[in-house]
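Chain by chain, the residues run as shown.
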Amino acid sequence: MARKISITKEMIQKAAFEIAKTEGMGSVTARKLADKAGCSTQPIFRIYENMEQLQKEIFDMAIRFFSDFYADYCKEHPQEEKPFVCFGMAYIDFAMKHSQLFYLLFLSKERYGKSLYELLNGSTGAFMKELARAKALGVKDPGELFMKMWIFIHGAAGMAITGDYDLPETETLRLLRESYEKNAV
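Attention here is on the structure that accompanies the text.

Calculation criteria
- Residues numbered from 1 in each chain as written.
- Predicted model: local features only at pLDDT ≥ 70, side-chain atom pairs only at ≥ 80, totals over all residues.
- Heavy atoms only, no water.
- Disulfide = S-S within 2.5 Å.
- Helix = DSSP H or I, 4+ residues; strand = E, 2+ residues; numbered from the N terminus.
- Expected span 1.5 Å × (residues − 1).
- Bend = angle between axes of the 7 residues up to and from the residue.
- Buried < 20%, exposed > 50% of the residue type's maximum accessible area, 1.4 Å probe, protein only.

### Brief notes about the state of the cysteines
Each disulfide consists of a covalent bond between the sulfur atoms of two cysteine residues.
Part 1 of the argument: Taken as a whole and assessed by the stated rule, the structure comprises one disulfide.
Part 2 of the argument: Between the sulfur of Cys 74 and that of Cys 86 lies a disulfide, 2.2 Å long from S to S. Note on the Cys 74 and Cys 86 pair: the S-S dihedral is about -125°, so by sign convention the disulfide is left-handed. Taken together, the positions of Cys 74 in helix H4 (residues 51–76) and Cys 86 in helix H5 (residues 85–97) put the pair twelve residues apart, joining distant regions of the chain.

### Focus: helix H9 (residues 142–162)
Part 1 of the argument: An ideal rise of 1.5 Å per residue puts 30 Å on 21 residues; H9 measures up with 30 Å between its terminal C-alpha atoms.
Part 2 of the argument: At Met 149, H9 shows its largest bend, some 35°.
Part 3 of the argument: The set of residues buried in H9 consists of Pro 142, Leu 145, Phe 146, Met 149, Trp 150, Ile 153, Ala 156, Ala 157 and Ala 160.
Part 4 of the argument: Backbone geometry just downstream of H9 places Gly 163 in the positive-phi region, at approximately 85°.

And the structure:
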């Protein structure tokens with residue numbers, strides 16, 4: 001007799017994250033997840049008391065995914081020396097490439113007790129590193145500088161997920177660099 005495949009927590013998490021990544025958190029239902037994981041709903045509720053527990057884990061996975069995305073983006077663009085520029089480019093690119101996760105993390109009201117600061121800092125301390133870099137370069141108030149740049153960064157990312165942002169990467173980069181230079185006093 002063939003042995004029955006055991007559905008693990010990791011298998012359920014992976015399937016749930018893929019649904020959230022492509023279709024949004026609202027599409028992560030027990031039935032859809034069971035179909036994606038190739039099981040009934042029974043293993044899901046054996047592992048999770050309710051779908052809210054799983055959604056919190058998906059949210060935490062999305063934070064790590066964004067942190068990794070940011071780190072990889074900046075490794076691929078090491079020539080950027082100005083603080084917040086690579087961060088801004090990665091944030092906008094994340095919105096373009098992973099709009100459902102961007103919405104989940106940065107536009108939805110449900111943040112599972114996390115502040116926007118915690119989300120931007122991610123699991124790697126990305127935001128704090130950018131602030132420290134700005135301070136080391138002589139910026140008197142790195143927080144204020146970031147807030148001035150943030151309006152463009154977040155606005156551009158928001159426009160990207162609605163399809164309204166059509167500036168080429170080179171123009172976005174130029175605007176971020178100029179914003180840094182004009183405000184880093």
